[in-house]
Amino acid sequence: MSTSNARPPTEEFADFVHATGSGLYRTALLLTGDHHLAEDLTQTTYARIFASWRRVRRADNPAAYARRVLLNGFISHRRLRRNTETPTSTLPDDPRSDADPSARIDLLVALQRLSPTDRAVLVARYWEDRSVSQTAADLGLTETAVRTRSKRALERLRPLVAVIFPERTMP
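Quantities reported herein were computed from a predicted structural model and do not represent experimental measurements.

Trainee: A description of unusual backbone geometry should follow, citing residues and the corresponding values.
Mentor: Residues other than glycine seldom take positive phi values, yet D129 does so here, at roughly 55°. Mapping D129 onto the fold places it in the loop between helix 6 (116-127) and helix 7 (132-139).

Right, here's the structure in full:
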C-alpha cells in the first residue's frame, strides 16, 4: 500500500509546521499581545491539528484550517476565562530582545483594549490581509458582521493609535 514516494504523516506535519509556524505565531501574538500566550496558543493549535492530521492534510487548504483553529482557540480561551495566570510587575532576571526597543510598536497595547472577536477581525482583515468573506468564514461570522465589527473596532482603535503614532493615519 505504501510506495517509495510516500512520506510518513509525521514528516508531512513537520513540514507543515515549518511552513506555517511563523505566520501563525505572528497572528497569535497580535491576538494575545503576549509572547508566552502566543506560543501557548500556537502550540495548542498545532496539537489540535496533529490529532486530526490525516483528515486535515487532505483538505483543500490546511493553512486556512490552521488559521481558523487558531482564531477559534483564541476566542474560546478568552470566552472561558479559565486563565489562572496573573501578571506581575517584575521582569525576568535576564530579559533579552532582538528587537530595538525604540522601534517597538505599541499597537499590541491598543489591540488589547478591544474585545477578542473585534481583535480577531482586525488581525485577520488588516494584518493577515484576508478578505471580508475569508474573515467571515474563518470566524464563523456573516460578512456584514465582519464589516460592522471592523468599522467599529477601527473607530475605537484610532484614538489609541493616534496617541502612539500622532503622524500616522489608520485605514
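Trainee: Hey, could you go over the confidence of the model for the protein for me, with residue numbers and the actual values?
Mentor: Per-residue confidence for the protein gives a mean pLDDT of 80; residues scoring 70 or more make up 74%. Model confidence for the protein, summarised as mean pLDDT per element, is weakest for helix 5 (residues 107-111) at 78 and strongest for helix 2 (residues 35-51) at 92. Across residues 99-104, where pLDDT falls below 50, the model places 0 contacts with residues more than four positions away in sequence or in other chains.

Trainee: With reference to specific residues and values, describe helix 2.
Mentor: Helix length check: helix 2 (17 residues) gives 24 Å between terminal C-alpha atoms against 24 Å at 1.5 Å per residue, within 8%. Taken together, the buried positions of helix 2 are occupied by A38, L41, T42, T45, Y46 and I49. Within helix 2, the buried residues cover an arc of 130° as seen down the axis, which keeps them to one side. Residues H36, Q43 and A51 are exposed on helix 2 and point more than 90 degrees away from its buried face. Measuring from the backbone nitrogen of H36 back to the side-chain oxygen at the start of helix 2 gives 3.0 Å, which picks out D34 as the cap.

Trainee: Describe the packing of helix 6 against helix 7, naming the residues involved and giving the relevant values.
Mentor: Contact pair helix 6 / helix 7: the axes reach a minimum separation of 9 Å and the direction vectors enclose 140°. Judged on the interaxial angle alone, helix 7 and helix 6 are oblique. In terms of crossing hand, the pair formed by helix 6 and helix 7 is right-handed. In this structure, helix 6 contributes A120, V121, A124 and R125 to the contact, and helix 7 contributes V132, T135 and L139.

Trainee: How would you summarise helix 6 if you had to cite specific residues and measurements?
Mentor: Helix length check: helix 6 (12 residues) gives 15 Å between terminal C-alpha atoms against 16 Å at 1.5 Å per residue, within 8%. Those residues of helix 6 not exposed but buried are P116, T117, D118, R119, A120, V121, L122, V123, A124 and R125. Directly after helix 6, the chain includes D129, whose backbone phi takes a positive value near 55°.

Trainee: Describe the nonpolar core, and please don't skip the residues or the numbers.
Mentor: Ranked by size, the top nonpolar core spans 34 residues in total, and within it F16, L31 and I49 carry the most contacts. For this core, the elements supplying multiple residues, two or more each, are helix 1 (9-32), helix 2, helix 3 (53-56), helix 4 (62-80), helix 5, helix 6, helix 7 and helix 8 (143-164). The greatest single-element share of this core, amounting to 7 residues, is contributed by helix 1. Taken domain by domain, this core gets at least three of its residues from each of domain 1 (8-84) and domain 2 (87-171). Setting aside residues no more than four positions away along its own chain, L31 makes contact with L70, L71, F74, Q112, R119, A120 and V123.

Rules used throughout
Throughout, a residue's number is its position along its own chain's written sequence, starting from 1. For a predicted model such as this one, the threshold for reporting local features is a pLDDT of at least 70, and the threshold for listing and counting side-chain atom pairs is 80 or more; totals across whole chains, interfaces and linings nevertheless cover every residue. The basis for every side-chain value is the complete set of non-hydrogen atoms in the structure, without hydrogens or water. Comment: elements are numbered from the N terminus, with helices defined as DSSP H or I runs of at least four residues and strands as E runs of at least two. Residue-level confidence of the predictor, termed pLDDT, takes values from 0 up to 100. Contacts are residue-level and defined by heavy atoms, with any inter-residue pair within 4.5 Å sufficient. Each residue after the first adds 1.5 Å to the expected span of a helix. Each residue is assigned to one of three classes by its accessible area relative to the maximum for its type, calculated with a 1.4 Å probe on protein chains only: buried under 20%, partly exposed between the two thresholds, exposed over 50%. Starting at the helix axis, one direction is taken to each C-beta atom, and the arc is that of these directions. Identification of polar contacts relies on pairs of N or O atoms within 3.5 Å, with a donor-acceptor requirement for protein atoms, meaning one able to donate a hydrogen and the other able to accept it, and with residues adjacent in sequence counted only if both atoms are side-chain atoms. The axes used here are C-alpha line fits, helices contributing only the stretch in contact, and every angle between their N-to-C directions lies in the interval 0 to 180 degrees. Working rule for angles: under 35 degrees goes down as roughly parallel, over 145 as roughly antiparallel, 65 to 115 as roughly perpendicular, anything else as oblique. Left-handed describes a crossing whose near helix is turned anticlockwise from the far helix through less than a right angle; right-handed describes the clockwise counterpart. Residues belong to a common nonpolar core when they are buried Ala, Val, Leu, Ile, Met, Phe, Trp, Tyr or Cys residues joined through side-chain atoms within 4.5 Å. An automatic or database domain assignment supplies the start and end points of every domain.

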